Amino acid sequence: MFKVALYLLIAVILAIFFLPFFYTVSPYELNPLRILEAPSLRHLFGTDRLGRDVLARILEGGQTSLIIGFLAASISSIVGLFIGITAGYFKGNIDKTITIVIDLFLTFPTFFLLLALVSYIQASSIILIIVISITGWMGMSRMIRSESFAISNKPYIKILKISNVSTFKIIFKYFAPLLAPIFLISFTFGVGGAILAESGLSFLGLGINPPQMSWGSLLSDGKAVIDIAWWVSFFPGFMIFIITFCLIQISDYLQGLANKKEMIKN
């Protein structure tokens, strides 16, 4: 499943970003004569209630969803990595303070916190990336903190600290290689979570605003005609499913590899 998921993910991403160079149908072009046409050779994924090509809109919206997902996950993962290492390395009052902050953020359900934030802000791609990043760093920081705490207790790390080796060198030379698998696993899972978060907000009308589009907003557009034109909602929903499924499979595989390595070391 890992190879299938990896190849499928790569194929979808390449299609989303490069197929528009060959499939030149405009995602914004209205055609009153082609309203709600079923999938056919003329329109592979059919048309929506304004006669716009669904495939072209999925390609355009997919770029927005993937960019938001990967950038939001990157920012939240880096923030979580920095906070987790800080807590696990320095320990003491710093660790206690960071743990309290993490627990406070985890007290609020993530999606409702997202809703609260975007309700008072005019949503855009940049705003969504920032908001999703703010609510997505806690899981990474907890895992990194726990592992950093264990690493900092190793004898050779204590010797390096006593020898006045710089903190920067210790973290990047000794912590980074050991934390890399956890970071990669959490990041992969975080991308799927960020895409789902953006899609959920856009579906509720609190995310991407027209004329810009994402898979979530396309899914929302089709709910009004789902009884008579299933394809308008089905295809963007299917793309969300495919991407998140592949990312979860890849994350599970990487976690399995990390667990095997840990068992061999022990």
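The protein chain appears in an unreviewed UniProt entry as ABC transporter, permease protein from Arcobacter defluvii. UniProt, in the comment section headed Sequence similarities (unreviewed entry), describes the protein chain in these words: "Belongs to the binding-protein-dependent transport system permease family." Looking at the Subcellular location (unreviewed entry) heading of the UniProt record, one finds this comment for the protein chain: "Cell membrane".

**Some thoughts on the UniProt feature "transmembrane region" (unreviewed entry) in the protein chain**
UniProt annotation of "transmembrane region" (unreviewed entry) refers to residues 5–23, 66–90, 178–208 and 228–250 when read in the numbering used here. From the first C-alpha to the last, residues 5–23 spans 25 Å; its make-up is 74% helix and 0% strand.

**Quick notes on the packing of aromatic side chains**
In the structure shown here, the tally under the stated rule is 17 aromatic pairs. Between F234 and F235, the ring centres sit 5.2 Å apart and the planes meet at 75°, which makes this aromatic pair edge-to-face. Residue class for F234 comes out partly exposed when judged on its relative accessible area of 42%. Judged by its relative accessible area of 12%, F235 falls in the buried class. Here the aromatic rings of F238 and F241 are separated by 6.4 Å at their centres, their planes lie at 35°, and the arrangement is tilted. Placement of the pair is F238 and F241 together in helix α10 (residues 231–265), with a separation of three residues, close to one helical turn. Among the aromatic residues, ring-to-ring pairing joins F45, W230, W231, F234, F235, F238, F241 and F245 into one connected group. The side chain of K161 reaches across the aromatic face of Y89, ending 4.3 Å from its centre.

**A closer look at the packing of helix α2 (residues 54–90) against helix α9 (residues 215–222)**
The geometry of α2 relative to α9 is characterised by a closest axis approach of 7 Å and an angle of 135° between their N-to-C directions. Accordingly, the angle class assigned to the pair α2 and α9 is oblique. Each of R57, I58, G61, G62, S65 and L66 in α2 lies in contact with α9, whose residues at this interface are W215, L218 and D221. A per-class count over the contact of α2 with α9 returns four nonpolar, three polar and two charged.

Basis of the calculations
Residues numbered from 1 in each chain as written. Predicted model: local features only at pLDDT ≥ 70, side-chain atom pairs only at ≥ 80, totals over all residues. Heavy atoms only, no water. UniProt positions renumbered as here; feature names shortened; annotations may be inferred. Helix = DSSP H or I, 4+ residues; strand = E, 2+ residues; numbered from the N terminus. Phe/Tyr/Trp six-rings, centres within 6.5 Å; stacked < 30°, edge-to-face > 60°. Buried < 20%, exposed > 50% of the residue type's maximum accessible area, 1.4 Å probe, protein only. Lys NZ or Arg CZ within 6 Å of the ring centre and 35° of its normal. Axes fitted to C-alpha atoms, helices over the stretch in contact; angles between N-to-C directions. Parallel < 35°, antiparallel > 145°, perpendicular 65-115°, else oblique. Contact = heavy atoms within 4.5 Å. Nonpolar A, V, L, I, M, F, W, Y, C, P; charged D, E, K, R; others polar.

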